[in-house]
Amino acid sequence: MTETLVPFDEAITRYDPVMGLEIHIELNTATKMFCGCPTEFGAEPNTQTCPVCLALPGALPVVNAKAVESAIRIGLALNCEIAQWCRFARKNYFYPDMPKNFQTSQYDEPIAFDGFVDVEVDGETYRIEIERAHMEEDTGKALHVGGSTGRIHGADYSLVDYNRAGIPLIEIVTRTIEVPADKAPAVARAYVSHVRDLIGGLGVSDVRMDQGSLRADVNLSLKPKGSDTLGTRSETKNVNSFRSVERAVRYEVSRHAGILDAGDKVLQETRHFQEDSGTTSSGREKSDADDYRYFPEPDLAPVSPSREWVEELRATLPEPPAVRRARLQADWGFSDLDMRDTIGAGALDLIVATVEAGTTPQAAKKWWLGEMARRANETGTDLDALGITPEQVAEIQALIDAGRINDKLARSVFDGVIAGEGTAKEVVVGRKLEVVSDDGALGAAVDRAIEADPDAAEKIRAGNLGVAGALIGAVMKEMRGQADAGRVRELILEKLR
Amino acid sequence: MSTRDLTTATADELSQTLAKGDASSVEVTQAHIDRIAAVDGTIHAFLHVDAEGALATAADIDARRSKGEKLHALAGVPIAVKDIVATIGLPTTCGSKILDGWIPPYDATITRHIKAAGLPILGKTNMDEFAMGSSTEHSAYGPTYNPWDITRSPGGSGGGSAAAVAAFEAPLAIGTDTGGSIRQPGALTGTVGVKPTYGGVSRYGLVALASSLDQAGPVTRSVLDAALLHELIGGHDPCDSTSIDGPVPAVVAAARKADVKGLKVGIITELGGDGFQPGVRARFDEAVALLTGAGAEVVEVSLPSLEHALAAYYLVMPSEASSNLARFDAMRYGVRVPPTGNDDPSAEQVMASSRDAGFGDEVKRRIILGTYALSSGYYDAYYGSAQKVRTLIASDFAAAFAKVDVLVSPTSPTTAFELGAKLDDPLSMYLQDVATIPANLVGIPGLSLPIGLADEDRLPVGLQFLAPQKADDRLYNAGAALERLLEEKWGGSLLAQAPELEVAR
Amino acid sequence: MSEPLGISRADVAHLAGLARIDLSDAELDHLATELPSILEYVAAVQQAAGDDVEAMSHPVPVNNVFREDVVRPSLTQDEALAMAPASDQGRFGVPKILGEE
Ligand SMILES: [Mg+2]
Ligand SMILES: [Zn+2]
C-alpha cells in the first residue's frame, strides 16, 4: 500500500511519539559465546565454525567467561543491577541462519537490569531508563542469489556463512522513552551515540554501526496528544548510523501519523530502514504465531556472579562520560556551544584522538565539525565511517602549519587520502599541491601580470595599493592557487616601487 | 579358548585372556565379527558394522601389547556403540531417516575415551528413532529382535545394544538412558544396564533427546563389566557444562566388594503393585529375600510423588526434545526433501517438508506434544508444573535415602512383549518406563540386573537398584552381591539359559 | 488461564506450524484424536505442586561453568560443508529465504 506521510512538524502537533530502543552490541571477545571458534571479521566463509556453532547433532555449548565479564561491565556502565543468579533461556523459532533453530539468550532472568543513562540534547539532559541488558548470540549471514545463477533446482536460493553464528551479543533494552515530541529524534540519536561512547570506553566492543558491531532497533508508536492509550508499535531494524536513527524516528512518526489520520490501524511489524531514501519498508508481520516457547537452557549452568567479582569489575570502569566531558571542555577551552556541537556530531573521541596526534583542539574542532561534518552529511555516513582517521587529520594540519599547503589545498589532500592515494604527504606530492614560494617562478608570473595590466601597475606606482589585489589574483590564477599569496604581494610591491 | 568361549566370556575375562596372551585382540574381535555375521541377520542389533576399523584397532593393540606397552584393562576388548553417539567416519543416524548417511566430523567424548583405551568399535547399534520409544520398533531401519524370543521386543530405546550383548555379538555396549533406555532393555534381554548419576558421563557428542534427563552408560553381561566400562567413560568433561567436576565413584572396587551385610535396602511401595506382571513380582520378591538372607536390612519406603512421575516425564522430555530436534532442518546436514507440487519452494517450506518426511510418527507426536507444553499460555500449566513435580520427587528421594542406602524395584512392569503389541497405544508403551523414569527426573543413578525368568513366559525379569546422586558405587556393590547369590543358585549366568540362536551359514 | 484437556485439529495444525513440520491431513486427524488422551494423562501434574514449589531445570545443581576466552581449532571449510545437502562459494546452499530483502 502507498503511505500518506504527514510532515513531522505537523504530526507532532497531534501525536506524541513513544519510543523504545534496542541496541545489540557485538562483543570483541577472541572466541564465540559458546565455543572456541575465532570471531575475526571478514574471514573466508565457514572457516570459523565447529560442531557447536554449526549445531551438529550432539554438540554442547560452554559459556565464554570473558563474555560474561563484558556483560557485567556493560551492565555496570549502564547503572544496572547485576543479577545474583540468572539463567540462559532458549528462544525457539526457525530461521536458516540460526543453526540450532533456537537462539540461546536470556528471558526473564537477564544478567543486568534496572539501569539508566543521561543524554544531552540542546543543553537539556534526558534520563533514558534501561530495562535490561542480557547475553545472547549472533546469527549467521545469508546472501540471496538470483534465479538466473541459481544452482539449486535452478531457482532463487540463498547461501549461508556461519562464521558470525554464535558471536557474543549484549542486547540493551530501554523502557519506553517519552520526551517532548520535537526532541524525540535527537534524543534517540543522542542515546545511541551515548551508549556507543560508553561501551567504546569499556573496550569490550568495536561499536562500529557501519560494520554491525553496534545495531539499533527503533520501536515507535504514536499516541494522540492528551490521551494515554498506547498505539501499535513498529520495530525498525538495520538502522546503520546515528543519523539514520534520527531519520528513522522522523519517518516512522510521519508514517504512523498518516495511517492514524486516515483512520487505519498501524500493523505491528518489523520494518527495514532504507539508508538511501531515508524511509522504512515493511518486513515480517508480527502475530500470535510469534510464540518463542522460552524455557531455561538445560545445557548451560546458571550464572551467579559473586559480589566480589562484580565490585572488582566496577573498579575497572573508566571515568563517567559527564565527568570526562567536563574535563575535556576545560582542557580544550571549548565553549558550552562548542562542546554541545562536538557531542551532537559524535566527534568527541575523534577530536581527542586528533589532539593526541599533535593538533591543537581548535584546529581539530575546525576540521571535524567543519569539513568532515560537511562530507559526512553529503554521504550520509557517520564521522568515524568517512575513511579518514584522526592521525591523518593531524598530519594534514601539520603540513598546513609548516606552510607547505594552505586550507584550500588541504581539502584536495583529504580527497586524495580518502580516495586511498596514500599518506597526506604522498597525496601532496602525487597531486602536486605544494604551495610555490620560490621567487624565480613567482617573479616571472608577477612580471607577466604587470605587463598584462599596465594601468593597474601605474596606479600602484602612484601609491594606490588597493589595486594590488587585482594583480595578486591574476598571479594566483596563473599558479592555480598553489602560490603563497603573501609572498606574491611582497614581490609586486618590490617591483613597483 | 574356543571361538565360542571368546564370545561368551565377560569383558573382565577377555581382558585377562588378552593380558595373559591366551588370545589376541584380533582373534577376539574376529570372533565377534563372525558371530555378528552369523546371528545379526536374525537379531538386527546393528545398523552399521565396521569390521575393518575394529580389526585395525585390534591389530594395533596387539602390536602395542607385544611391545610391552602399558595398556588400559579393556584394551583390545571389542565394544558396540549405540547409534546416538557421534563417531568420526562412522554413520550416526539415531535410527532416523533424517540422518540417513550422516557421518560426524567429530567424536563424542565417550568415543574419545573408548578410542584412547583401544577398544575396537564393532559398529553402531539399533535404537528407537532419536531414542523415543521402549521397544526399538520406532527405528526407521526396522526393529531389533529379542534373542530370548525373536517374536518379541528387546525393549528400547537401546534394544540394539542390549540385544547385541545378550546375543553374544559384543561383550560390551554403550547405551543412553533418558527414561529407562538402558535399564528396561537390560531387563527384557537378561543383561546388565546402568544409568549413572546425571553428569557422571559426558553428554558431549550424544545426540540430545532431553538435555536434563539424558545420560550414557554401560550395557554388559555382568555387574563387574559394567563397572569397568563405567570407569572408562565416566568423569568430568569441560565440553559438557552439566558434567560433574569430581572423581568417578569407585565403581570397580565396589563391584569387587559385593557385600550387602548391613546394607539398608528400601523397597519402593509405589513400584511393584498393580500393573506389574505376576512373574515379575515373584522373581523380585525372591531376589529381595536373597538380599535379606545375605544380611541386608530390607524395609519398605513410600515415595508418594512418584504417582506424578510419568506425567511429568511426558511433559519435560517432549518439551526439551521439541527444541533439541529443531536443528534437524535439512539446511546444514540431513536429508532434504522438497515439498511435492512446488518447484520453487522457500527454505521454510523445505524445512517443513523435510521434517515431515524425515521424522517418524513417534518423533512427530512428541515434538507436537512438547511444542504444546511450551507454548504461551500453557507453559506454566504443563512444562512449569512438570518441573515442579521433579522437585517434589527429589525431596521424596532425599527423605527415603535418609533412611536407606539403596532403593529397589522391578526394572520393568512386564517381561518382553510381542512386537507390535503396544505400537498403537502410546500410553501403554509409555507405562513400560514407570519404574525407570523417576531416576532420570531427579538425576540419581540406577542399575538393572537380571534376576530370573517369569514362570508364565520363561522370559527374563530385571531388578533395579537406585542410589543417591554421586553414590553410583552403592549400585555396583549391591548389584554384584545379588548377581553372585543368583548365579550360585542358577549355577551360571542367566544368559546361559537363553535359547541357541539360528546361525546363518 | 484455561486448562484445555482437549486439543482441536486446528490446534495441532498451529503447533505443526510452530514446529515446522508439514503434517499431512491424515497425520493431523490422527494426532487430533490421539493427543487429547495423552494430554488428559499428563495434565495431572497441574494439581500436583503448589506455587511454593521450586521448578527444577537442572537435576544436579552447578553454577558458573565457564571456559576461558581462548581460540580452539575450528573445522575446515570442507569439513563444515561435507554433509551439506547443497553448497556453493564456500557457503551452505539453502532454498530462498523469505522475509529477506
Ligand atoms: Mg535479542
Ligand atoms: Zn564454533
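My aim in this report is to walk through the structure given alongside it, one point at a time. Per chain, residues are indexed from 1 in the order of the written sequence. Chains carry letters from A onward and ligands carry numbers from 1 onward, assigned in written order. Only residues with pLDDT of 70 or above have their local features reported here, since the model is predicted, and side-chain atom pairs are shown and tallied only from 80 upward, although totals for entire chains, interfaces and linings are computed over all residues. Values shown for side chains rest on all heavy atoms present in the structure; no hydrogens or waters enter the calculation.

This next bit is on the packing of aromatic side chains. Pairing of aromatic rings covers Phe, Tyr and Trp, the last through its six-membered ring, and needs centres within 6.5 Å; plane angles under 30 degrees mean stacked, over 60 mean edge-to-face, and all others mean tilted. Counted by the stated rule, this structure contains 21 aromatic pairs over all chains. Geometrically, the ring pair formed by B:Trp102 and B:Tyr333 is tilted, given 6.0 Å between the ring centres and 40 degrees between the ring planes. In this pair, B:Trp102 is assigned in the loop between β2 (79-82) and α5 (109-117) and B:Tyr333 in the loop between α11 (309-324) and α12 (347-358), connecting sequence segments 231 residues apart. For the exposure calls, accessible area comes from a 1.4 Å probe over protein chains only, and a residue counts as buried if that area is under 20% of its type's maximum, exposed if over 50%, partly exposed in between. Judged by its relative accessible area of 3%, B:Trp102 falls in the buried class. One aromatic cluster in this structure is built from B:Trp102, B:Phe130, B:Phe328, B:Tyr333 and B:Phe359. Its end group placed over the ring of A:Tyr292, A:Lys91 keeps NZ or CZ at 4.5 Å from the ring centre. Helix numbers and strand numbers start at the N terminus; a helix is a DSSP run of H or I with at least 4 residues, a strand a run of E with at least 2. The criterion is that NZ of a Lys, or CZ of an Arg, lies within 6 Å of the ring centre and within 35 degrees of the ring normal, and then a charge sits over that ring.

Once that is clear, we can look at the pairing of strand β11 (residues 214-224) of chain A. Residue and element names in this part refer to chain A. Across the 11 residues of β11, 9 count as buried, placing the element largely inside the fold. Sheet topology note: the strand β1 (residues 15-26)/β11 ladder contains 11 bridges and is antiparallel. Across the sheet, Tyr-15 pairs through a bridge with Pro-224, a residue of β11. Being paired, for any two strands, means DSSP has found at least two bridges between them. Sheet topology places β11 next to strand β12 (residues 234-239); 4 bridges connect them, and they run antiparallel. Looking across to β12, one finds that Asn-219 is bridged to Glu-235.

Here we come to the interface of chain B and chain C. On the side of chain C, 55 residues touch chain B, which itself brings 63 residues to the contact. Put simply, buried area is the surface a 1.4 Å probe can reach on two separate parts but cannot reach once they are joined, added for both. Buried area between chain B and chain C, summed over both chains or domains, comes out near 5,000 Å², and the portion from carbon and sulfur atoms is 70%. It is B:Ile368, B:Tyr372 and B:Lys388 that lose the most area in chain B upon contact with chain C, and together they represent 13% of the buried surface on that side. Any carboxyl oxygen of Asp or Glu that lies within 4 Å of a side-chain nitrogen of Lys or Arg is treated as forming a salt bridge with it. At the junction of chain B with chain C, the criterion picks out 3 salt bridges. Throughout this description, a polar contact denotes any pair of N or O atoms lying within 3.5 Å of each other; where both atoms belong to protein, one of them has to be capable of donating a hydrogen while the other can accept it, and for residues adjacent in sequence the pair is counted only when both atoms sit in side chains. Linking chain B with chain C are 12 residue pairs in polar contact (both at pLDDT 80 or more), by the criterion used here. Elements that contribute at least two residues to the side of chain B that touches chain C include exactly α11, α12, α13 (361-374), α14 (380-403), α15 (426-430) and α16 (437-442) of chain B. If one sorts the elements of the side of chain B that touches chain C by residue count, α14(B) sits on top with 12 residues. Ten residues, namely Ala, Val, Leu, Ile, Met, Phe, Trp, Tyr, Cys and Pro, are considered nonpolar, four, namely Asp, Glu, Lys and Arg, are considered charged, and the remaining ones, Gly among them, are considered polar. Looking at the side of chain B that touches chain C, its residues break down into 35 nonpolar, 16 polar and 12 charged. By the convention used here, residues are in contact when the closest approach between their heavy atoms is within 4.5 Å.

A word on the coordination of the zinc ion (ligand 2). Residues and elements named next belong to chain A. Coordination partners: N, O, S within 2.8 Å of the metal, 3.2 Å for Na, K and Ca; water not considered, so apparent gaps in a site are possible. The zinc ion (ligand 2) binds to the protein through Cys-35 (SG), Cys-37 (SG), Cys-50 (SG) and Cys-53 (SG), with metal-donor distances spanning 2.3 to 2.4 Å. By the criteria applied here, four donors are tetrahedral when all angles lie between 85 and 135 degrees, four are square planar and six octahedral when opposite donors are over 155 degrees apart and every other angle lies between 65 and 115, and any other arrangement is irregular. Because the angles between the 4 donor atoms bound to the zinc ion (ligand 2) fall within 101 to 114 degrees, the donor set is best described as tetrahedral. When the donors of the zinc ion (ligand 2) are listed by position in the chain, the intervening gaps give C-x1-C-x12-C-x2-C. Remark: Cys-53 occurs in the loop between β1 and β2 (63-64) and Cys-37 occurs in the loop between β1 and β2; sequence separation between them is 16 residues. The same class applies to Cys-37 and to Cys-53, which are both buried.

This part takes up the nonpolar core. In this description, a nonpolar core means a group of buried Ala, Val, Leu, Ile, Met, Phe, Trp, Tyr and Cys residues linked to one another through side-chain atoms lying within 4.5 Å. Counting residues in hydrophobic clusters, the biggest one holds 257 residues, and the most contacted among them are A:Ile111, A:Ile172, A:Tyr191, B:Phe130, B:Phe397, B:Phe465 and B:Tyr476. Residue contacts for B:Tyr476: discarding those within four places in its chain leaves B:Val194, B:Pro218, B:Val223, B:Ala226, B:Ala227, B:His230, B:Val251, B:Ala254, B:Ala255 and B:Leu447.

Turning our eyes to something else, we now look at the side chain of B:Gln464. Residues and elements named next belong to chain B. For Gln-464, the position within the fold is in strand β11 (residues 460-466). A distance of 2.7 Å separates a polar atom in the side chain of Gln-464 from a polar atom in the side chain of Arg-183. For Gln-464, the residues in contact, after removing those within four places along its chain, are Arg-183, Leu-407, Val-408, Ser-409, Pro-410, Thr-411, Ala-435, Thr-436, Leu-447 and Ser-448.

This part is about the coordination of the magnesium ion (ligand 1). All names here are of chain A. Around the magnesium ion (ligand 1), the protein contributes the donor atoms Glu-136 (OE), Glu-136 (OE) and Glu-171 (OE), which lie 2.0 to 2.5 Å from the metal centre. Placement of Glu-136 in strand β7 (residues 124-137) and of Glu-171 in strand β10 (residues 168-174) is noted, with a sequence separation of 35 residues between them. For Glu-136, a relative accessible area of 3% corresponds to the buried category. Here Glu-171 falls in the buried class, since its relative accessible area comes to 11%.

In this section: the packing of α13(B) against helix α1 (residues 9-18) of chain C. A packed helix pair is summarised by two numbers, namely the angle formed by the two axes and the spacing between the axes. Every axis corresponds to a line fitted to the C-alpha atoms, with the helix fit spanning only the stretch in contact, and the corresponding angles, defined between N-to-C directions, vary from 0 to 180 degrees. Orientation of α13(B) relative to α1(C), taken along the N-to-C sense of each, is 95 degrees, at an axis distance of 9 Å. Relative to α1(C), the element α13(B) lies roughly perpendicular. Side by side, α13(B) and α1(C) meet where B:Ile368, B:Thr371 and B:Tyr372 of the first sit next to C:Val12, C:Leu15, C:Ala16 and C:Leu18 of the second. Here the residues of the contact of α13(B) with α1(C) sort into 6 nonpolar, 1 polar and no charged. By definition in this entry, angles of less than 35 degrees are roughly parallel, angles greater than 145 are roughly antiparallel, angles of 65 to 115 are roughly perpendicular, and the rest are oblique.

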